[in-house]
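# Fold and contact review
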Amino acid sequence: MALLNEEQTMLRDMAREWADNESPVAAFRRLRSAAPVEGFDADAWTEMGQMGWAGVVVPEAHGGSAFGYLSLGLVIEQLGRNLAASPLASTGPAATAISLGESEAAQDQWLPRIASGEAIVTLAIDEGPVHDPRKLATTVVDGRLTGTKMFVAEGDAAHAFVVSAVDGLYLVTGEDGITRSPRRMADSRSHAEIRFDQAPAIRLGGPDLTATIIDRATALLAAEMLGLAEQAFGVTNDFLKTRVQFGQQLSTFQALQHRMAKMFTELELMRSAVEGALEAIDSGRSDVDQAVSLAKAVGGETLRLVSREMVQLHGGIGMTDEHDAGLYLKRAAVLEAMWGNAAFHRERFARLNGY
């Protein structure tokens, strides 16, 4: 478990309080029913920008706080507990791509707008239904980018895209040469297929930058998964302590105690792996790729276990839309597939270690 400084502790506690008071699961249900085009509550996103969350990984010179990825992960974890829909996990790594990129003009134009929450910039990487950044057909000729990206998170409302091509990473802005096709997913969040046809593009960097940014996006996704898993476990634990069956609380049955104990230990391992990956990014360690793959593999398997147990241990009510269990299960399924599932990252971890 990471050792947090005073600022990080305050940031985590503030995010937890805001999520519980302003963005509970009930707020997500209302959002799902309203189905806004952007896929999130614009007013809530404005508040996040005002609180400085959108600029946590943006350099201070461009209006951010530069608190680092562990700090941003703490915020995303707390939002994940309540299924709060926001572009935060997308704009963070996109901002890093721009700040590490070759274009100072792009930094001056976009980073302050990202930090304030005014602009939403997201990553457009995968070109197939399965995550594999090595299989790319997107090309750039004379500053014009052509290709199709599938299942782009926050693609419906993004003002700009950080796009991977065969020869590196590019920033595509505006609407010229861009076609958006919304994709309805189980988690009721914003996903879109984005088609680029000779879209003007600004070069940010080569394939190494692409790999760097994907690792950062994956680590933040693992932080959201941690928040989901912690809340799913907590809700289930509370239910077992209050539900009476056969004249006894369900928590007194040894078989259920064993299942909860297994989940608790797996959650502790997950937290260690996720926070370890975020700390590795902030400290610039050479094994960031391995730490990220470990976090995503452990996180995917743990969240799958906890979300499914949440449904099963709640019995019949857990199978209904009336209960929140199904919402966690659906979001878990989408997050597990994004940026590579557990099998992908186990294989990647082994390959990075020479196996």
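Read on for a plain summary of the structure. Note that the structure is predicted; figures quoted are calculated from it, not measured.

Turning to helix α11 (residues 342-352), its buried residues number three or more, namely A342, F344, H345 and R348. Each buried residue of α11 sits inside an arc of 155° when the element is viewed along its axis, so together they form one side. Against the buried residues of α11 lie α7 (207-242) and α9 (288-313). Of the residues that open α11, the one with a side-chain oxygen 3.2 Å from the backbone nitrogen of A343 is N341. Positive phi appears at G354, one or two residues downstream of α11, with a value of about 85°.

Looking now at the nonpolar core. Judged by nonpolar contacts, the single largest core of 111 residues is most densely connected at W53, L79, V121, F161, V162, L171 and F196. Among all residues touching F161, those that are not within four sequence positions of it are V121, T122, A124, V152, G155, Y170, L171, V172, I178, R180, I194 and F196.

Attention now goes to the packing of aromatic side chains. Considering all chains together, one arrives at 3 aromatic pairs under this definition. Geometrically, the ring pair formed by W18 and W53 is edge-to-face, given 5.6 Å between the ring centres and 85° between the ring planes. Placement of W18 in helix α1 (residues 6-22) and of W53 in the loop between α3 (42-50) and α4 (69-81) is noted, with a sequence separation of 35 residues between them. In this structure W18 comes out as buried when scored by relative accessible area, which is 8%. Ring plane angle 45° and centroid distance 6.2 Å describe the contact between F233 and F264, whose orientation is recorded as tilted. Remark: F264 occurs in helix α8 (residues 254-283) and F233 occurs in helix α7; sequence separation between them is 31 residues. Looking at F233, the relative accessible area reads 13%, which means it is buried. A residue is classified by how much of its surface remains accessible, and F264, at 45% relative accessible area, is partly exposed. Its guanidinium or amino end placed over the ring of W110, R113 lies 4.6 Å from that ring's centre, counting from NZ or CZ. Note that R216 overlies the ring of Y69, its terminal NZ or CZ placed 5.8 Å from the centroid.

So, about the pattern of salt bridges. Oppositely charged side chains may form a pair once their charged atoms are brought near each other. Tallying each qualifying case throughout the model produces 28 salt bridges. The salt bridge partner of E175 is R180, with a shortest N-O separation of 2.6 Å. Since its relative accessible area comes to 22%, R180 is described here as partly exposed. Measuring nitrogen to oxygen at the nearest pair gives 3.0 Å for the salt bridge that ties R331 to E224. Residue R331 is located in helix α10 (residues 325-337), and its partner E224 is located in helix α7; the two are separated by 107 residues in the primary sequence. Across the pair, exposure class does not vary: R331 and E224 are buried alike. Several salt bridges share partner residues, and in doing so they unite E154, D187, R189, E224 and R331 into one network.

Empty space within the largest pocket amounts to approximately 540 Å³. For the largest pocket, the lining is made up of 34 residues, of which F151, A153, H191, M338 and W339 are closest to its centre. Among the secondary structure elements, those contributing two or more residues to the lining of the largest pocket are α4, α5 (88-100), β1 (121-124), β3 (144-153), α7 and α10. The class makeup of the residues in the lining of the largest pocket is 22 nonpolar, 7 polar and 5 charged.

Once that is clear, we can look at the environment of I98. By the secondary structure assignment, I98 is in helix α5. On the basis of relative accessibility, which here comes to 0%, the residue I98 falls in the buried class. In this structure the C-alpha to C-alpha distance between I98 and L111, which are 13 residues apart in sequence, comes to 7.4 Å. Excluding residues that lie within four positions of it along the chain, I98 makes contacts with A106, Q107, W110, L111, I114, V121, L171 and L204.

Turning our attention to α9. Between its first and last C-alpha atoms α9 spans 36 Å; for 26 residues at 1.5 Å apiece the expected length is 38 Å, and the two agree. At the exit of α9 stands G315, carrying a positive phi of roughly 70°.

Looking now at the pairing of strand β4 (residues 160-165). Within β4, 6 of the 6 residues are buried, which leaves it mostly tucked inside the rest of the structure. Both faces of β4 are covered, namely the face carrying A160, V162 and S164 and the face carrying F161, V163 and A165. Taken together, the 4 bridges between β1 and β4 define a ladder with parallel strand orientation. Across the sheet, residue V121 finds its bridge partner in β4, namely A160. The hairpin formed by β4 and strand β5 (residues 168-173) contains 2 residues between the paired strands.

Take a negative patch on the surface next. On the surface, E22, D41, D43 and E47 cluster together into a patch of negative charge. Residue placement: E47 occurs in helix α3. The exposure class of E47 is partly exposed, given its relative accessible area of 32%.

The rules behind each value
- Residues numbered from 1 in each chain as written.
- Predicted model: local features only at pLDDT ≥ 70, side-chain atom pairs only at ≥ 80, totals over all residues.
- Heavy atoms only, no water.
- Buried < 20%, exposed > 50% of the residue type's maximum accessible area, 1.4 Å probe, protein only.
- Helix = DSSP H or I, 4+ residues; strand = E, 2+ residues; numbered from the N terminus.
- Arc of directions from axis to C-beta.
- Contact = heavy atoms within 4.5 Å.
- Polar contact = N/O pair within 3.5 Å; in protein donor to acceptor, adjacent residues only side chain to side chain.
- Core = buried A, V, L, I, M, F, W, Y, C linked by side-chain atoms within 4.5 Å.
- Phe/Tyr/Trp six-rings, centres within 6.5 Å; stacked < 30°, edge-to-face > 60°.
- Lys NZ or Arg CZ within 6 Å of the ring centre and 35° of its normal.
- Salt bridge = Lys/Arg side-chain N within 4 Å of Asp/Glu carboxyl O.
- 1 Å grid on protein atoms, 1.4 Å probe; cavity = no way out; pocket = protein on both sides within 12 Å on 5 of 7 lines; lining within 4 Å.
- Points joined across faces, edges and corners; volume = space filled by probe spheres on them.
- Nonpolar A, V, L, I, M, F, W, Y, C, P; charged D, E, K, R; others polar.
- Expected span 1.5 Å × (residues − 1).
- Pairing = 2+ DSSP bridges.
- Patch = residues over 30% accessible without salt bridge, like charges linked within 9 Å, V, L, I, M, F, W, Y side chains within 5 Å.
- Areas by Shrake-Rupley, 256 points an atom, 1.4 Å probe, with all protein chains shown as cover.
- Lys, Arg positive; Asp, Glu negative; His and termini not counted.
- Charge placed at Lys NZ, Arg CZ, Asp CG, Glu CD.

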